[in-house]
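Here is what each chain is made of, one letter per residue.
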Number of protein chains: 6
Amino acid sequence: MNRLLITGAAGSLGRLLRERLAGYASVLRLSDIADLGQAGPGEELVPCDLAEAAAVDSLVEGCDGIVHLGGVSVENTFENILQSNFRGTYNLFDAARRHGAPRILFASSNHAIGFHRREDRLDGGSRQKPDSLYGLSKAYGENLGSYYFDKFGLENVAVRIGSCYPEPKDRRMLATWLSPDDFVRLVKRVFEATRVGHTVLYGASANREQWWDNGHAAFLGWVPQDSSEQFRAKVEAAHPRQDPDDPAVRFQGGSFAAAGHFED
Amino acid sequence: MNRLLITGAAGSLGRLLRERLAGYASVLRLSDIADLGQAGPGEELVPCDLAEAAAVDSLVEGCDGIVHLGGVSVENTFENILQSNFRGTYNLFDAARRHGAPRILFASSNHAIGFHRREDRLDGGSRQKPDSLYGLSKAYGENLGSYYFDKFGLENVAVRIGSCYPEPKDRRMLATWLSPDDFVRLVKRVFEATRVGHTVLYGASANREQWWDNGHAAFLGWVPQDSSEQFRAKVEAAHPRQDPDDPAVRFQGGSFAAAGHFED
Amino acid sequence: MNRLLITGAAGSLGRLLRERLAGYASVLRLSDIADLGQAGPGEELVPCDLAEAAAVDSLVEGCDGIVHLGGVSVENTFENILQSNFRGTYNLFDAARRHGAPRILFASSNHAIGFHRREDRLDGGSRQKPDSLYGLSKAYGENLGSYYFDKFGLENVAVRIGSCYPEPKDRRMLATWLSPDDFVRLVKRVFEATRVGHTVLYGASANREQWWDNGHAAFLGWVPQDSSEQFRAKVEAAHPRQDPDDPAVRFQGGSFAAAGHFED
Amino acid sequence: MNRLLITGAAGSLGRLLRERLAGYASVLRLSDIADLGQAGPGEELVPCDLAEAAAVDSLVEGCDGIVHLGGVSVENTFENILQSNFRGTYNLFDAARRHGAPRILFASSNHAIGFHRREDRLDGGSRQKPDSLYGLSKAYGENLGSYYFDKFGLENVAVRIGSCYPEPKDRRMLATWLSPDDFVRLVKRVFEATRVGHTVLYGASANREQWWDNGHAAFLGWVPQDSSEQFRAKVEAAHPRQDPDDPAVRFQGGSFAAAGHFED
Amino acid sequence: MNRLLITGAAGSLGRLLRERLAGYASVLRLSDIADLGQAGPGEELVPCDLAEAAAVDSLVEGCDGIVHLGGVSVENTFENILQSNFRGTYNLFDAARRHGAPRILFASSNHAIGFHRREDRLDGGSRQKPDSLYGLSKAYGENLGSYYFDKFGLENVAVRIGSCYPEPKDRRMLATWLSPDDFVRLVKRVFEATRVGHTVLYGASANREQWWDNGHAAFLGWVPQDSSEQFRAKVEAAHPRQDPDDPAVRFQGGSFAAAGHFED
Amino acid sequence: MNRLLITGAAGSLGRLLRERLAGYASVLRLSDIADLGQAGPGEELVPCDLAEAAAVDSLVEGCDGIVHLGGVSVENTFENILQSNFRGTYNLFDAARRHGAPRILFASSNHAIGFHRREDRLDGGSRQKPDSLYGLSKAYGENLGSYYFDKFGLENVAVRIGSCYPEPKDRRMLATWLSPDDFVRLVKRVFEATRVGHTVLYGASANREQWWDNGHAAFLGWVPQDSSEQFRAKVEAAHPRQDPDDPAVRFQGGSFAAAGHFED
């Protein structure tokens, strides 16, 4: 690949990919509204507010692939989410339409389906059930991908990321953990697979506790290799057992589902 | 019912309900950004831009039920849809949350599922597949209803309206036609049913050609009574046979699915 | 048919069938633990405690068909339900096995599935979800029918009766009402159909509000003719609107699902 | 329509359509290997052995639509079925491919699914389960339609005809009967519908006993109007009750499923 | 865990757990109607007839978790099964309701679904299809768990145990074998999982031949580690090939499904 | 096993099995219309044209199992496929019916389902969707197996073989590759499993890219051990990336689906 764009490159997922995808494309174009530091070898830094259509248009031009991590990544005010996620993701997809339709990996979230219950096994046919305004914006991003593929043939993959951290930080993440290595493997498969169409899948490692079935996306050839199991003892020691009736336990979205209306 | 709010009351569906729901509630509060004419008996006219949160808050206060028809109702620029539909529908639901959670009927559209093929029988489990930016905003509105019900218990029904006109205007509408009478019957059922939860259903009359199965919503007790069949001869005489391979025929969204990018 | 046995013939459903099935078989053998009054023409009265195996054996001998209404018909102590419904229904099926395997219609109940939510459309594949000890005994009776058919070829139909009364008595029954005429039609179809195998279906008339889909049993040829709609105005006038969040509204079993532990 | 071809026009279904479709197209081209009598007004008689590719090519040329009834219509030797049905139906579809891809209605049969059990409700997703060599050839014809549509865009509808006679002739036909009028209505819908794609549906009237669900094909707009119920008393009087365990009762294919190997 | 109750502790599964769960809870309360020998360290022996409600009430008091193995464990007379399994399991669940709702693992059995055919892949949505009176009592126990969870929030897991022995004893068990180690792992997961709700799953190891899919219960985090494959040669040498048409082969319940009525 | 027949033994799959199944049965009866060379120890060579019924009858007599690889194995003229595949496979199954119903493994093909899209995960319930006349003949062979099992109890397994070669030869085969070893393991399971009924499954190794789910056939105990992954670098180096919109990529059948009408 000649040039791969990563939006939200200053965030935690962005920094992770910046490091691990070094050298993966001839040029890594990194963008964020926050400071990106110094450009390393093979890096292009392009500061950009995703809410600015013209800026996004320039950002996307010349790219062969896009990993779209940018935007608000937790619950926030509707206004902030509207600008960064609703408007920003539209700007990105529409710029891609105008510039050769590079394949897009969209960082969706488990919060797009967070009001499903823990006992519900989800798969490719499970409906969206957002648990927050943030989750609503991710569900919208998935639908945007559906639309741009159906109408313009722009291939894209939306990944409902569980919890991508170096290690699981609480008991819930024993189920939802996506190891950085597995995430990197997934990113590569998305750009290397012969065809991806419009695919929505779940981003979790091969943990012992499983809520999601990616069978419908097995054609992509992504097989997670890691498991949260190695961290179980540590996590369980640090975090007391939870009440099974706590809404943060009953629903897949955890604390997002349990929270009330977001207050500034 | 004491006070029923109808947004978008100056539009074609709004005028239809204004006339036919006269007397259905003690007060009919009618709102639009366009001119609403003179208030009739039992009517309250409240001009409002749905994109203005404070105005919407006042609009919703004191209402026992809401029929939300307002916003952009065909394909348009992203900016217009963002303001009227994304922002406007959020404003409405969130105001309802603050004001006693009156039941809401949301006018969704077949364009939320318009990229399904004509041969695909849809039902309550069929996924969204928007055919336009407009359709995307309707899919979002349905998800907003899912979220507000799951988190706040705000009951709402999203109706994927086919084509609600006095009579079908082309061959496609022989399948998608929703008679005004059937629509009015549906509106009443939504407010009279003991419980509606969050329900998404299809708005079409008992036409001979059927694309959609509302079995999952049979608990509501809405049974359409009309059929487009009485207009078949007239419609077929006025409109030539279509090419079965035309995208406007292959996809349920018709011309919306077939259109390219919206140009101002 | 030569001899048709009706158990529970002194109960309300039993009296209904006694009257309406007069003449349907050469002999109507009526049984109950309660008083059955005087035998009419073509009637045989056989008092019987269903918990007595030997008595049930005699009761069943010589019958060509059985309508099993007997046993406890509302929530009760476990002990009473154990004797009348668990033991009694076993006695009946096992006696039928020994005596030529006459076809059995078993009066199951919506309480076998009463913890499904009102918004859930049930069909032939929906799982049992009992709302009471009574409902548990009905779920057991259905499984008994499954077992006796699979192992011994004894054909039987379990009817998950909604509310079989001359007219609906509250708002819930507008959905669950089974008219006496429709019930009688169903009984006849069960004994006249060429083959019934082991079939579980729902007993409700063609009401406007529908919770249950009998498509899987359409091969039986039972098509309900009546509707609760004629009683709507009367029922709604007599019974105030219900809180949509009341457990008796949220769950199909109504007050059975909402009740706590049964106390003598 | 200018010219409609009917193959198998000398058979019972063929004669029925010949009479009832008179005037439906400018020219009715009738073909059979058996004698077709005299050409009536608007009729073209084209004797043809379907196993002869060149003859079939000429037969199909110039036609705007085809109703393919030709071939062996009951169980027979493999050799006869191979020539008339396997080879013949291929010849017909392939000629249509070469001559402008006129829409085809293929007379499939319930015997393509005859080994499903009577208690199994079939729909558009039910798999083929042939009960005879004849049924195998019909399953093949359906697959031929799938192939010619997927590869060449040749639209076609396969109708799994139950029992198309002036009236039902035995108890099984109370469920499987397709009235001649309903069949004619279906033929017309197939040629008048805007799009048919490749559709397989069941050909039965609105009988009280129903084995098949055509919901997936509701987009075609065919709604059967007749019912076998008017003939029930007569049929039941003439035909004794059947043993529910008889293979001809247990399987939908009736006597075809129950029969052993066909012997000349 | 402070106190874990194991009923049926004198049976083969009970002895297995008694040994392997030593030390797992502060106190292991062991109960059976048969002799339990001497109490070991950390053990409490509480002889109890499960059919005695008062005794069961005392037995359950003070326990934090229950493994319910007690009752009749093979086919038997209806009377014995009624007392031990129907009455006994009710006594246990209802005592748990009164005493703080400790989580329950209920030893259900493959005989609750034994009349499914070997070629049928079962999962969490497969319906009960008991093959014996014993299997009926297990299906009832599962429904009891459904009821106590839905109404009283009492969490429980029903395990449809295949064949739990040190090693598989015949060819069928190559598919149904549950290794003691995998069973112990499952018991621990049931009590350690954050939430179990009401879950029914299948108890088989990771054998090469698989009849059951536990995907719906993957949220529990139980992943069997053993396989019967190591015993294949030995089993196949000792047991001749079976007739594929033998009912004990055709149905999953094996000899239970093939057996006739149980005779004392 | 005493005598195992392999048809098509001179083809590439046939030679593979001839070598690897040496000694598996007392006698390996090898048949083809092409030259089979010299008989090795334990081999019987029986040249045979599958289109000749009498010859096939002799060929099958005395065999305890059949691996049916014979017939045309790529796209060809209808005439050739009719003789070798339609007629030939019938001859084989019908001879088996007459000679003790030996179990048959039928080499079906992914081309029986080749018009499914790459993004569609197929399983045991996925319908046939042939991509060629060759694929049509394989779909027919599967239905023949369904018929002979339902009517005559002749057990058989149809394997929709992906690409069985020593190693994958192009990028598509990274998904469809069936290693020779995995194929041999499957052949053995088919003849060693206690019961196979009529089963259709997919023949692919445990490749990273997966299109097909064999869960429904897990009862057979076939678990592929190999993966194409070891060949990925080599294949990707030798074959350039493909256009994701190429019909040979969009459809599972690859070039078979993309090809036009077969021309001699």
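Numbering of residues begins from 1 in every chain and follows the order in which that chain's sequence is written. Naming scheme: in the order in which they are written, chains are lettered from A and ligands are numbered from 1. Given that this is a predicted model, residues contribute local features only at a pLDDT of at least 70 and side-chain atom pairs are listed and counted only at 80 or more, while totals for whole chains, interfaces and linings are drawn from all residues. Values reported for side chains reflect all heavy atoms of the structure, with hydrogen atoms and water molecules removed beforehand.

A.B. asks: Hey, could you run me through the overall build of chain A in this one?
C.D. replies: A helix here means a DSSP run of H or I that spans at least four residues, while a strand means a run of E at least two residues long, and both kinds are numbered starting from the N terminus. Per the secondary structure count, chain A includes 9 helices and 7 strands. Radius of gyration means the value over C-alpha atoms here, while the globule rule gives 2.2 Å times the residue count to the 0.38 power. For chain A, the C-alpha radius of gyration of 18 Å lies close to 18 Å, the compact-globule estimate for 264 residues. Projected onto its principal axes, the C-alpha coordinates of chain A cover approximately 50 × 35 × 35 Å. The buried label goes to any residue with under 20% of its type's maximum accessible area, the exposed label to any with over 50%, and the partly exposed label to all in between, with areas taken from a 1.4 Å probe on protein chains only. Taking all 264 residues of chain A together, 64% fall into the buried category. Within chain A, residue pairs in contact and separated by at least 24 positions form 68% of the contacts whose partners lie at least 6 positions apart. Carbon and sulfur atoms make up 47% of the accessible area of chain A, which totals about 9000 Å². As used throughout, the charge tally considers Lys and Arg to be positive and Asp and Glu to be negative, leaving His and the chain termini uncounted. In this description, the location of a charge corresponds to atom NZ of lysine, CZ of arginine, CG of aspartate or CD of glutamate. If the 29 positive side-chain charges of chain A are averaged to one point and the 35 negative ones to another, these points end up 4 Å apart. Any two residues having at least one pair of non-hydrogen atoms within 4.5 Å are treated as being in contact. Every accessible area reported is derived by Shrake-Rupley at a probe size of 1.4 Å, with residue values counting cover from the shown protein chains alone.

A.B. asks: For this particular structure, what's the right way to read the interface of chain D and chain B?
C.D. replies: Often the size quoted for an interface is simply the accessible area lost on bringing the parts together. Facing the 17 residues of chain D at the interface are 14 residues of chain B. Summed over both partners, the accessible area lost on bringing two parts together, with a 1.4 Å probe, is the buried area. Interface of chain D and chain B: buried area, both sides summed, is about 1400 Å²; carbon and sulfur atoms make up 46% of it. A per-residue breakdown of the area chain D buries against chain B is headed by T194, R195 and F219 of chain D, which together make up 50% of the total. We define a salt bridge as a contact between a side-chain nitrogen of Lys or Arg and a carboxyl oxygen of Asp or Glu at a distance within 4 Å. In this assembly, chain D and chain B are joined by 3 salt bridges. A salt bridge links R189 of chain D to E209 of chain B, with the shortest nitrogen-to-oxygen separation between them at 3.4 Å. Each polar contact in these results corresponds to two N or O atoms within 3.5 Å; when the atoms are within protein, one needs to be able to donate a hydrogen and the other to accept it, and residues that are neighboring in sequence are counted only if both atoms are side-chain atoms. The interface formed by chain D and chain B holds 10 residue pairs in polar contact (both at pLDDT 80 or more) in total. If you tally residues by element for the side of chain D that touches chain B, the top one is helix α6 (residues 180-192) of chain D, at 3 residues. Polar here means any residue outside two lists: the nonpolar Ala, Val, Leu, Ile, Met, Phe, Trp, Tyr, Cys and Pro, and the charged Asp, Glu, Lys and Arg; Gly therefore counts as polar. Here the residues of the side of chain D that touches chain B are counted per class, giving 7 nonpolar, 5 polar and 5 charged.

A.B. asks: Teacher, can you tell me more about the environment of V200 of chain F here?
C.D. replies: All names here are of chain F. One can find V200 in strand β7 (residues 198-203). You can call V200 buried: its relative accessible area is 18%. Sequence-wise, V200 and L59 are 141 residues apart; in three dimensions their C-alpha atoms are separated by 25 Å.

A.B. asks: Looking at this structure, how should I read the interface of chain A and chain B?
C.D. replies: Contact residues are listed per partner, giving 34 residues for chain A and 34 residues for chain B. For the pair chain A and chain B, the two sides together bury roughly 2900 Å², of which 59% comes from carbon and sulfur. If you sort the residues of chain A by the area they bury against chain B, Y147, K151 and H261 of chain A come out on top, with a joint share of 20%. For the pair chain A and chain B, the number of links is 4 salt bridges. Put simply, K129 of chain B and D150 of chain A hold a salt bridge, and the shortest N to O gap is 3.1 Å. Summed over the shared surface of chain A and chain B, the result is 14 residue pairs in polar contact (both at pLDDT 80 or more). Listing elements by their share of the side of chain A that touches chain B, those giving two or more residues are α3 (78-98), α4 (133-152) and α9 (255-258) of chain A. Top contributing element to the side of chain A that touches chain B by residue count: α4 of chain A, with 11 residues.

A.B. asks: Before we go on, may I ask you to explain the relation of the copies chain D and chain B in this structure?
C.D. replies: Each copy of the chain is related to the other by a rotation around an axis and a translation along that axis. In superposing the copies, a least-squares fit is computed on C-alpha atoms, taking residues whose pLDDT is at least 70 in both. Rotating chain D by 120 degrees and moving it 0.0 Å along the rotation axis overlays it on chain B with an RMSD of 0.0 Å. What we have between these two chains is a three-fold relation. Proximity to the rotation axis, assessed at the C-alpha, singles out G215 of chain D in chain D; its C-alpha lies 6.5 Å from the axis.

A.B. asks: I'm lost on the packing of helix α3 (residues 78-98) of chain F against helix α4 (residues 133-152) of chain F in this one. Help?
C.D. replies: In a pair of packed helices, the angle between the axes and the distance between the axes together describe the arrangement. Residues and elements named next belong to chain F. Put simply, α3 and α4 touch, their axes get as near as 10 Å, and they point 15 degrees apart. Judged on the interaxial angle alone, α4 and α3 are roughly parallel. Crossing angle aside, the handedness with which α3 passes α4 is right-handed. Along its contact with α3, which presents F78, I81, N85, F86, T89, Y90, F93, D94 and R97, the element α4 presents L133, Y134, L136, S137, Y140, G141, L144, G145, Y148 and F152. In the contact of α3 with α4, the residues fall into 12 nonpolar, 5 polar and 2 charged. Working convention: axes come from line fits to C-alpha atoms, limited for helices to the stretch in contact. Angles between N-to-C directions cover 0 to 180 degrees. Here the word oblique covers every angle except those under 35 degrees (roughly parallel), over 145 (roughly antiparallel) and from 65 to 115 (roughly perpendicular). Less than a right angle of anticlockwise turn of the near helix away from the far helix marks a crossing as left-handed, whereas a clockwise turn marks it as right-handed.

A.B. asks: Is there a simple way to explain unusual backbone geometry in this structure?
C.D. replies: Phi at A101 of chain A takes a positive value of approximately 55 degrees, unusual for a residue other than glycine. Along the polypeptide, A101 of chain A turns up in the loop between α3 and β5 (103-109).

A.B. asks: Mind showing me how you'd approach the relation of the copies chain A and chain B here?
C.D. replies: Turning chain A through 180 degrees and shifting it by 0.0 Å along the axis lays it on chain B, with an RMSD of 0.0 Å. Each copy turns onto its partner about a two-fold axis. An overlap of 100% is found between the interface residues of chain A and their copies at the interface of chain B, pointing to a shared contact surface.

A.B. asks: Mind showing me how you'd approach the packing of aromatic side chains here?
C.D. replies: The geometry of two aromatic rings is summed up by the distance between their centres and the angle between their planes. Ring pairs shown here join Phe, Tyr and Trp side chains whose ring centres sit within 6.5 Å, with only the six-membered ring taken for Trp; geometry is labelled stacked below 30 degrees between planes, edge-to-face above 60, and tilted in between. Counted under the stated rule, the structure contains 81 aromatic pairs over all chains. Here a set of aromatic residues connected by ring pairs shows up, and it is made of F78, F86, Y90 and Y140 of chain A together with F78, F86, Y90 and Y140 of chain B. To sit over a ring, a charge needs its Lys NZ or Arg CZ within 6 Å of the ring centre and within 35 degrees of the ring normal. Stacked on the ring of F152 of chain E, the Lys or Arg R97 of chain E has its end atom at 5.3 Å from the ring centre. Directly above the aromatic system of Y165 of chain E lies the positively charged group of K169 of chain E, at a separation of 3.9 Å from the ring centroid.

A.B. asks: Please explain the pattern of salt bridges as it appears in this structure.
C.D. replies: Two side chains that carry opposite charge are able to pair once their charged atoms sit near each other. Residues and elements named next belong to chain C. All chains considered together, the criterion is met by 132 salt bridges over all chains. Among the ionic pairs, R103 bridges to E155, the shortest N-O distance being 2.7 Å. With R103 in strand β5 (residues 103-109) and E155 in the loop between α4 (133-152) and β6 (156-161), the pair connects residues that are 52 residues apart, well separated along the chain. This pair shows no difference in class: R103 is buried, exactly as E155 is.

A.B. asks: Got a minute to help me understand the side chain of T77 of chain E in this structure?
C.D. replies: All names here are of chain E. Within the fold, T77 resides in the loop between β4 (65-68) and α3 (78-98). Only 3.1 Å separates the side chain of T77 from the backbone nitrogen of N80, close enough to count as a polar contact. If we skip the residues at most four places from it in the chain, T77 touches F262 and D264.

A.B. asks: Would you mind showing me how to read the sheet that holds strand β3 (residues 43-45) of chain B here?
C.D. replies: Adjacent strands of a sheet form backbone hydrogen bonds with each other and so pair up, either parallel or antiparallel. Residue and element names in this part refer to chain B. The sheet built from 7 strands is open, its strands ordered β3-β2-β1-β4-β5-β6-β7 with parallel pairing. The open sheet has two edge strands, β3 and β7 (198-203), and neither has a second partner. Going across the sheet, the axis of each strand differs from the next one's by a mean of 20 degrees, ignoring polarity. Inspection of the sheet shows strand β2 (residues 27-31) paired to β3 by 3 bridges, in the parallel sense. Bridge assignment links L30 to a residue of β3, and that residue is L45. Its contacts with the sheet place helix α4 (residues 133-152) against β5 (103-109), β6 (156-161) and β7, and it is angled at close to 155 degrees to β5. Any two strands with at least two DSSP-identified bridges between them are counted as paired.

A.B. asks: How should I be thinking about the pairing of strand β6 (residues 156-161) of chain A in this particular structure?
C.D. replies: For a regular strand, the rule is simple: side chains alternate between the two faces of the sheet. Residues and elements named next belong to chain A. Counting buried residues along β6, 6 of its 6 residues qualify, which places the element largely inside the surrounding structure. Side chains N156, A158 and R160 project from β6 onto one buried face, and the interleaved V157, V159 and I161 project onto a second face that is buried too. Sheet analysis places β5 next to β6, joined by 6 bridges and oriented parallel. Following the sheet pairing, L105 is matched in β6 by V157.

A.B. asks: Looking at this structure, I do not really get the sheet that holds strand β6 (residues 156-161) of chain D. What am I missing?
C.D. replies: All names here are of chain D. Reading across from one edge, β3-β2-β1-β4-β5-β6-β7 is the order of the 7 strands in this open sheet, with parallel pairing throughout. Edge positions in the open sheet fall to β3 (43-45) and β7 (198-203), since each of these has one partner strand only. Adjacent strand axes in the sheet meet at a mean angle of 20 degrees, parallel and antiparallel pairs treated alike. Of the pairings in the sheet, the one linking strand β1 (residues 3-7) to strand β4 (residues 65-68) comprises 4 bridges and is parallel in character. Looking at β4, one finds that T7 is bridged to H68. Along the sheet face, helix α4 (residues 133-152) touches β5 (103-109), β6 and β7 and points at about 155 degrees away from the line of β5.

A.B. asks: Hey, could you run me through helix α3 (residues 78-98) of chain C in this one?
C.D. replies: Side chains three or four residues apart in an α-helix point the same way, a direct result of the helix having 3.6 residues per turn. Residues and elements named next belong to chain C. For a helix, the expected span equals 1.5 Å multiplied by the residue count minus one. With 21 residues, α3 ought to run about 30 Å at 1.5 Å a step, and its terminal C-alpha atoms sit 28 Å apart, in line with that. At G88, α3 shows its maximal kink, close to 30 degrees. For α3, a buried count of 15 out of 21 residues is recorded, marking the element as mostly surrounded by other parts of the structure. Remark: G100 follows α3 within two positions and exhibits a positive phi of approximately 85 degrees. For a residue, the bend is simply the angle between two axes, fitted respectively to the seven-residue segment ending there and the seven-residue segment starting there.

A.B. asks: Looking at this structure, I do not really get the packing of α4 of chain D against α4 of chain F. What am I missing?
C.D. replies: One can describe the packing of α4 of chain D onto α4 of chain F by two numbers: an axis separation of 10 Å at closest approach and a directional angle of 150 degrees. Relative to α4 of chain F, α4 of chain D is oriented roughly antiparallel. Note that α4 of chain D runs across α4 of chain F; the crossing there is right-handed. Between α4 of chain D, through L133, L136, A139, Y140, N143, L144 and Y147 of chain D, and α4 of chain F, the contact on the second element is made entirely by L133, L136, A139, Y140, N143, L144 and Y147 of chain F. Each residue belonging to the contact of α4 of chain D with α4 of chain F can be placed in one class, and the counts come to 12 nonpolar, 2 polar and no charged.

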